[in-house]
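# Fold and contact review
In case you want the letters, here they are:
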Amino acid sequence: MHICPAKSVFMKRILLFSILSLLIWSCSTEKKYNMTVSGNIKGLKKGKLFFQQFKDSSVVNLDSLEIKGDGTFSFSYYLESPEVLYLYLEKEDNNDINDRITFFGEPGEIIINTSWKTFDLSPEISGSKSQEKLEEFNEMVSQFNVKELKLTRKIYSEEIKEDSLAVDSIQQLIRGNIISRYRYALNFGLNNADSYATPYIMMTEAAEANPKYLDSIYNQLTPEVLESKYGKEFKEFLKKE
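Worth saying up front: this structure is predicted, and the values here are computed from it rather than measured. (Residues numbered from 1 in each chain as written. Predicted model: local features only at pLDDT ≥ 70, side-chain atom pairs only at ≥ 80, totals over all residues. Heavy atoms only, no water.)

### With respect to the overall build of the protein
For the protein, the count of helices and strands is seven helices and eight strands. Looking at the protein as a whole, 34% of its 241 residues are labelled buried. In the protein, of all internal contacts separated by at least 6 residues, the share reaching a separation of at least 24 is 57%. When the accessible area of the protein is evaluated, it comes to approximately 15500 Å², of which 53% is carbon and sulfur surface. (Helix = DSSP H or I, 4+ residues; strand = E, 2+ residues; numbered from the N terminus. Buried < 20%, exposed > 50% of the residue type's maximum accessible area, 1.4 Å probe, protein only. Contact = heavy atoms within 4.5 Å. Areas by Shrake-Rupley, 256 points an atom, 1.4 Å probe, with all protein chains shown as cover.)

Spelled out as structure tokens, the structure:
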């Protein structure tokens, strides 16, 4: 059977167009999701769970699902760069406390297990190395915070508040504790230059530190971290100092 050359060229173009369309569809599908966030909320029978992101100075909803009778959940999302994300639980208990979990998202599978009664107090989060670093930092900083709280309470105790020398002594201890906390934060930054959590921590927990120390940390960050969301924001933050 003889095929007209013009028709043959047309068919080749159709085939080429089909292949290109398939490749474009494949790429867009691959880009659609690179992270899953799943888990279980023990004891939750009914509620609405929101998957959220901080964007343009406010928290926005990326996705949501209704939970009825089973606390399991799963969200899929394409994350451009590792960043802090949130799970917000809208419970039917007329109580706005303990409703939002903060976690460091990154490509891969992240599992979050918690309970309905203590939703944001002690969630078990796995699958994110950035989250592990953030938890390591927060655990140590909480010790500094607890110490400062105890010292502050002493100042207002009946046996101390009328003793000016004792008050001055405690205030010096508080200042020393604050300095130690900043030193820990800065050392953490220098020792974790390859963590996406580092620029975020520097901006949120060491923002008032001497700019030259923050510059030193920025200059130690790996190329991957420098190109991340918080790496770029850290650069802009330093320009304002």
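On we go from here.
### Describing the sheet that holds strand β1 (residues 35–42)
Across the sheet, four strands lie side by side as β4-β1-β7-β8; this open sheet has mixed pairing. Either end of the sheet is taken by a strand with one partner, and the two such strands are β4 (72–77) and β8 (124–126). Each strand axis lies, on average, 10° off the axis of its neighbour in the sheet, ignoring direction. (Pairing = 2+ DSSP bridges. Axes fitted to C-alpha atoms, helices over the stretch in contact; angles between N-to-C directions.)

### Examining the sheet that holds strand β6 (residues 100–105)
Spatially, four strands are ordered β3-β2-β5-β6 in an open sheet, and the strand pairing comes out antiparallel. Edge positions in the sheet fall to β3 (58–68) and β6, since each of these pairs with one other strand and no more. Between one strand axis and the next, the sheet turns by 25° as a mean value, whatever way the strands run. As judged from the six bridges shared by strand β5 (residues 83–91) and β6, these two strands associate in the antiparallel manner. Of the residues in β6, the one forming a bridge with V84 is F104.

### Topic: the pattern of salt bridges
What the rule picks out here adds up to four salt bridges. The shortest N-O distance in the salt bridge between E233 and K229 comes to 3.4 Å. Taken together, the residues span about one helical turn, with E233 and K229 both in helix α7 (residues 229–240) at a distance of four residues. For E233, a relative accessible area of 34% puts it in the partly exposed group. Classification of K229 as partly exposed rests on a relative accessible area of 26%. Its salt-bridge partner being E236, residue K239 comes within 3.4 Å of it at the nearest N-O pair. Placement of both K239 and E236 in helix α7 is noted, with a separation of three residues, approximately one turn of the helix. With relative accessibility at 57%, the residue K239 sits in the exposed group. Taking the relative accessible area as the measure of exposure, E236 reaches 41% and is therefore partly exposed. (Salt bridge = Lys/Arg side-chain N within 4 Å of Asp/Glu carboxyl O.)

### Considering the packing of helix α4 (residues 197–205) against α7
With their axes 8 Å apart at the nearest point, α4 and α7 run at an angle of 40° to one another. The crossing of α4 and α7 is left-handed. Where α4 abuts α7, its residues P199, Y200, M202 and M203 lie against Y230, G231, E233, F234 and F237. The residue inventory of the contact of α4 with α7, partitioned by class, reads seven nonpolar, one polar and one charged. (Left-handed = near helix turned anticlockwise from the far one by under 90°. Nonpolar A, V, L, I, M, F, W, Y, C, P; charged D, E, K, R; others polar.)

### A few points about the nonpolar core
Membership of the largest hydrophobic core comes to 28 residues, with the highest contact counts inside it found for F104, F137, Y200, I201, M202, L214 and F234. Counting residues per element, the ones that place at least two in this core are β5, α2 (129–155), α3 (164–191), α4, α5 (211–220) and α7. Per-element accounting of this core gives the leading share, five residues, to α4. Contacts of M202, omitting those with residues within four sequence positions, involve A185, G189, A207, L214, I217 and F234. If you look at the next biggest cluster of nonpolar residues, it comprises 19 residues, including F51, F73, F119 and I125. (Core = buried A, V, L, I, M, F, W, Y, C linked by side-chain atoms within 4.5 Å.)

### A word on the packing of aromatic side chains
Tallied over the entire structure, the rule returns 13 aromatic pairs. On the basis of an interplanar angle of 85° and a centroid distance of 5.8 Å, the ring pair of F51 and Y77 is categorised as edge-to-face. Taken together, the positions of F51 in strand β2 (residues 46–55) and Y77 in strand β4 put the pair 26 residues apart, joining distant regions of the chain. We classify Y77 as partly exposed; its relative accessible area is 22%. (Phe/Tyr/Trp six-rings, centres within 6.5 Å; stacked < 30°, edge-to-face > 60°.)

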